[in-house]
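# Secondary and tertiary structure notes
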Amino acid sequence: MMNKKTAPVGVFDSGVGGLTVAREISRQLPDENIVYFGDTARVPYGSKSQNTIIRFSEQIIRFLKTKEVKAIVIACNTASALALDAVKDEFDIPILGVVIPGAAVEATKNRKVGVVGTEATVQSGMYTKVIQGMNPEITVIEKACPLFVPLVEEGFKEHQVTEEVIEYYLESMRSTDIDAMILGCTHYPLLRSKIRAYMG
């Protein structure tokens, strides 16, 4: 039995995107060990049903528990939005999600925030609900960008096709006057510089 203090933190995502979360955990808590699970066999999660996402999350949590983790971070925004409430009640271990839009709520001056995410995350309305719970005067403009995940997973971050896909998805959002944007999928920060360059 592992000492609770030295036990690792479990982190999981649908693929490589959650490594952005694992890196931030390591930066903030350098003494913590991390066990990372990237479910690349079943990526992307964003087009799957809530029941499927809950089932996948339960399977991964059971696996991570065999590694004697002391807590689990669901680094996948889709799984955080669709499965967190279900699995938190099911397992006897602290489980955290990543739907925390506080920075965008603080950053917006004109009370208009854009959210990009997977189909499932956008359809859940989770970001709109949380943001408007923090400040009901904020207008949230959400857009599903399902091709962003496979582009990252396939290593196309620097490819011209990625710029074309960004323009395809975000052209309508660029014409709004949002002044803050949430990248509502752990894969999307890997496209941050291209998204920022397009949005201006």
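All of the points below concern the structure found in this document. Nothing here was measured: the structure is a model prediction, and the numbers come from that model.

This paragraph deals with the packing of aromatic side chains. With the rule as written, the count across this model stands at five aromatic pairs. Taken together through their ring pairs, the aromatic side chains of F148, Y168, Y169 and Y188 make up a single cluster. Residue placement shows R42 over the ring face of F56; its charged tip is 3.8 Å from the ring centre. The aromatic ring of Y198 is capped on one face by R174, whose charged end is 4.0 Å from the ring centroid.

Looking now at the side chain of N77. You can see N77 is positioned in helix α3 (residues 77-90). For N77, a relative accessible area of 4% translates into the label buried. Among the polar contacts listed, one links the side chain of N77 to the backbone oxygen of G184, at a separation of 3.5 Å. Of the polar contacts made by the side chain of N77, one reaches the backbone nitrogen of T186; its length is 3.1 Å. Leaving out residues up to four positions away in the same chain, N77 has contacts with V98, V99, T121, Y127, G184, C185 and T186.

Before going further, it helps to examine the pattern of salt bridges. Two side chains carrying opposite charge are able to pair once their charged atoms lie near each other. Taken as a whole and assessed by the stated rule, the structure comprises nine salt bridges. Across the pair E24 and R27 runs a salt bridge, and its minimum N-O distance is 2.7 Å. Here E24 pairs with R27, and both are found in helix α1 (residues 19-28), just three residues apart, close to one helical turn. For D39, the salt bridge identified is with R42, shortest N-O distance 2.8 Å. What you see here is one network of salt bridges that share partners, running through E158, E163 and K194.

Below, the discussion takes up the layout of surface pockets. Space inside the largest pocket adds up to approximately 920 Å³. The wall of the largest pocket is formed by 29 residues, among which M181, I182, L183, P189 and R192 lie closest to the centre. Elements with a contribution of two residues or more to the lining of the largest pocket: α1, α4 (102-107), β7 (180-184) and α9 (192-199). Within this model, the second largest pocket holds a volume of roughly 260 Å³.

Turning our attention to the packing of helix α8 (residues 160-174) against α9. At a minimum axis separation of 10 Å, α8 and α9 run at an interaxial angle of 45°. Our classification of the angle between α8 and α9 gives oblique. Of the two elements, α8 crosses α9, and the hand of that crossing is right-handed. For the pair α8 and α9, contact is made by T162, E163, I166, E167, L170, E171, M173 and R174 and by K194, I195, Y198 and M199, respectively. The residue inventory of the contact of α8 with α9, partitioned by class, reads six nonpolar, one polar and five charged.

This part takes up the side chain of K70. For K70, the position within the fold is in the loop between α2 (50-66) and β3 (71-74). Among the polar contacts made by the side chain of K70, one reaches the main-chain carbonyl oxygen of A7 at a distance of 3.3 Å. Excluding residues that lie within four positions of it along the chain, K70 makes contacts with K4, K5, A7, P8, V9, E32, I93 and P94.

Parameters at a glance
- As a convention, each chain's residues are numbered from 1 in the sequence order in which they are written.
- A pLDDT threshold of at least 70 governs which residues receive local features in this predicted model, and a stricter bar of 80 or more applies before side-chain atom pairs are shown or counted, although totals over entire chains, interfaces and linings include all residues.
- Side-chain figures throughout are based on the complete set of non-hydrogen atoms in the structure, without hydrogens or water.
- Any two rings among Phe, Tyr and Trp, with Trp reduced to its six-membered ring, count as a pair given centres within 6.5 Å; such a pair is stacked if its planes are under 30 degrees apart, edge-to-face if over 60, and tilted if neither.
- Throughout this description, the term charge over a ring refers to an Arg CZ or Lys NZ atom that lies within 6 Å of the ring centre and within 35 degrees of the ring normal.
- Strands are runs of DSSP state E lasting at least two residues, helices are runs of H or I lasting at least four, and both sets are numbered from the N terminus onward.
- Think of it in three bands: residues with accessible area under 20% of the maximum for their type are buried, residues over 50% are exposed, and the middle band is partly exposed, with areas taken using a 1.4 Å probe on protein chains only.
- Whenever a nitrogen or oxygen atom comes within 3.5 Å of another N or O atom, the pair is scored as a polar contact, on the condition that within protein one atom can donate a hydrogen and the other can accept it, and that pairs from neighbouring residues in sequence are kept only if both atoms are in side chains.
- The contact definition used throughout considers only heavy atoms, calling two residues in contact when any of these lie within 4.5 Å.
- A pair is scored as a salt bridge if a Lys or Arg side-chain nitrogen falls within 4 Å of a carboxyl oxygen belonging to Asp or Glu.
- A pocket here means an open set of points on a 1 Å grid, computed over the protein atoms alone, that has protein on both sides within 12 Å along at least five of seven lines. A cavity is instead a set of points where a 1.4 Å probe fits but cannot get out; residues with an atom within 4 Å of a point line either one.
- Grid points are joined across faces, edges and corners, and a volume is the space filled by probe spheres set on the points.
- A fitted line through C-alpha atoms represents every axis, and for helices the fit uses only the stretch in contact; the resulting angles, taken between N-to-C directions, go from 0 to 180 degrees.
- Working definition: roughly parallel below 35 degrees, roughly antiparallel above 145 degrees, roughly perpendicular at 65 to 115 degrees, and oblique for all remaining angles.
- Handedness of a helix crossing follows the sense of rotation of the near helix relative to the far helix, less than a right angle counterclockwise being left-handed and clockwise being right-handed.
- Amino acid classes used here: Ala, Val, Leu, Ile, Met, Phe, Trp, Tyr, Cys and Pro are nonpolar; Asp, Glu, Lys and Arg are charged; the rest, including Gly, are polar.

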